[in-house]
Amino acid sequence: REREAEMAQSSTFPEVVELNVGGQVYVTRFETLTAVPRSLLWTKFTQHTPADLPKDSKGRFFFDRDGFLFRYILDYLRDSELFLPEFFKERKRLQREADFFQLPELSRRLAAASKDSSSAEDSGEPEEVELTSPVTSSSSSDRPLRSPGGNSGYITIGYRGTYTIGRDIQADAKFRRVARITVCGKISLTKEVFGETLNESRDPDRPPDKYTARYYLKYNFLEQAFDRLAETGFHMVACNSTGTCSYGSNDPSEDKLWTSYTEYVFCR
């Protein structure tokens with residue numbers, strides 16, 4: 001009997017399920033994953049046993065998909081509706097994820113939302129499209145897929161640079177290349193803005209609802225970071241800078257070497 005109990009337990013999924021989706025860790029309820037009948041997740045977690053599904057080194061069920069976009073799939077399964085951030089630019093990629101997870105109604109609504117968004121941009125009107133739940137009856141009213149200001153929050157951009165100024169302060173300053181542009185903020189928000197240009201090697205495997213001060217960008221021009229932030233609805237609300245000066249030697253003819261650290265705070 002003990003053996004039979006152990007086998008029965010090993011063939012069932014826990015109430016709270018841990019997932020690893022493309023390196024991003026998610027924790028959700030079993031009933032959330034099986035909310036949409038005949039979807040891929042419903043099939044995986046109702047027609048198979050835990051031993052059938054691939055797992056990572058820590059025993060979490062692994063799916064080799066876009067870990068960032070999966071948060072929207074989960075939101076849809078949890079609430080039977082979906083709210084996307086304002087200026088969301090990955091709707092087609094999200095539609096592809098919906099197709100993979102076999103959520104045809106979500107995919108269809110995302111396709112319609114893309115058309116409505118294009119029409120709204122052409123007319124200059126604010127975007128507002130609708131999305132219904134695939135688990136509600138056809139007689140129920142449609143629920144909106146809209147962008148109520150997007151996910152609000154702050155992102156701080158920082159960089160450390162050096163430059164030299166001649167002792168007579170007459171010559172132009174000689175700037176050196178910016179070594180690294182750092183990004184501080186909520187994981188999900190920074191990934192929404194910077195996507196694949198974000199280097200996560202110093203702080204990997206962080207859940208999307210956590211914060212980090214260790215990400216940096218893969219390019220060396222501040223203007224590129226500012227452009228991405230502006231495109232996603234952020235505006236600068238504060239900045240500050242500190243600097244120190246040192247002399248390379250006691251030679252009065254040698255240029256001054258300045259080291260500075262600057263931060264720009266953006267808000268949406």
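Scroll up a little and you will see the structure.
Quick caveat: nothing in here was measured; it's all calculated off a predicted structure.

Draft legend 1. Quick peek at the side chain of Ser107. Note that Ser107 resides in helix α6 (residues 104-123). Within polar-contact distance, the side chain of Ser107 engages the side chain of Asp99 at 2.5 Å. Beyond its immediate sequence surroundings of up to four residues, Ser107 is in contact with Gln95, Ala98 and Asp99.

Draft legend 2. Quick look at the sheet that holds strand β2 (residues 24-29). What the three strands build is an open sheet, ordered β2-β1-β3; its pairing is mixed. The outermost strands of the open sheet, each flanked by one partner alone, are β2 and β3 (61-63). Each strand axis lies, on average, 30° off the axis of its neighbour in the sheet, ignoring direction.

Draft legend 3. Summary view of the environment of Ser114. For Ser114, the location among the structural elements is in helix α6. Assessed through its relative accessible area of 16%, Ser114 is described here as buried. Between the C-alpha atom of Ser114 and that of Lys92, which follows or precedes it by 22 residues, the distance is 7.8 Å.

Draft legend 4. Molecular detail of the pairing of strand β8 (residues 181-186). Counting buried positions over the six residues of β8 gives five, a clear majority of the element. For β8 and strand β10 (residues 211-217), the ladder comprises four bridges, and the chain directions are antiparallel. Among the inter-strand pairings, Gly185 is bridged to a residue of β10, identified as Thr212.

Draft legend 5. Here's a closer look at the nonpolar core. Leu19, Leu41, Phe45, Phe63, Phe70 and Leu94 are the most contacted members of the largest nonpolar core, which totals 30 residues. For this core, the secondary structure elements donating two or more residues are β1 (16-21), α3 (40-46), β3, α4 (70-79), α5 (91-100) and α6. A total of six residues in this core trace back to one element, the largest contributor, which is α4. Apart from the residues within four sequence positions on either side, Leu94 is in contact with Leu69, Tyr72, Ile73, Leu82, Leu84, Phe88 and Leu110. Core analysis: the next-biggest nonpolar cluster, separate from the first, contains 19 residues, Ile157, Ile181, Leu189 and Tyr264 among them.

Calculation criteria
Residues numbered from 1 in each chain as written. Predicted model: local features only at pLDDT ≥ 70, side-chain atom pairs only at ≥ 80, totals over all residues. Heavy atoms only, no water. Helix = DSSP H or I, 4+ residues; strand = E, 2+ residues; numbered from the N terminus. Polar contact = N/O pair within 3.5 Å; in protein donor to acceptor, adjacent residues only side chain to side chain. Contact = heavy atoms within 4.5 Å. Pairing = 2+ DSSP bridges. Axes fitted to C-alpha atoms, helices over the stretch in contact; angles between N-to-C directions. Buried < 20%, exposed > 50% of the residue type's maximum accessible area, 1.4 Å probe, protein only. Core = buried A, V, L, I, M, F, W, Y, C linked by side-chain atoms within 4.5 Å.

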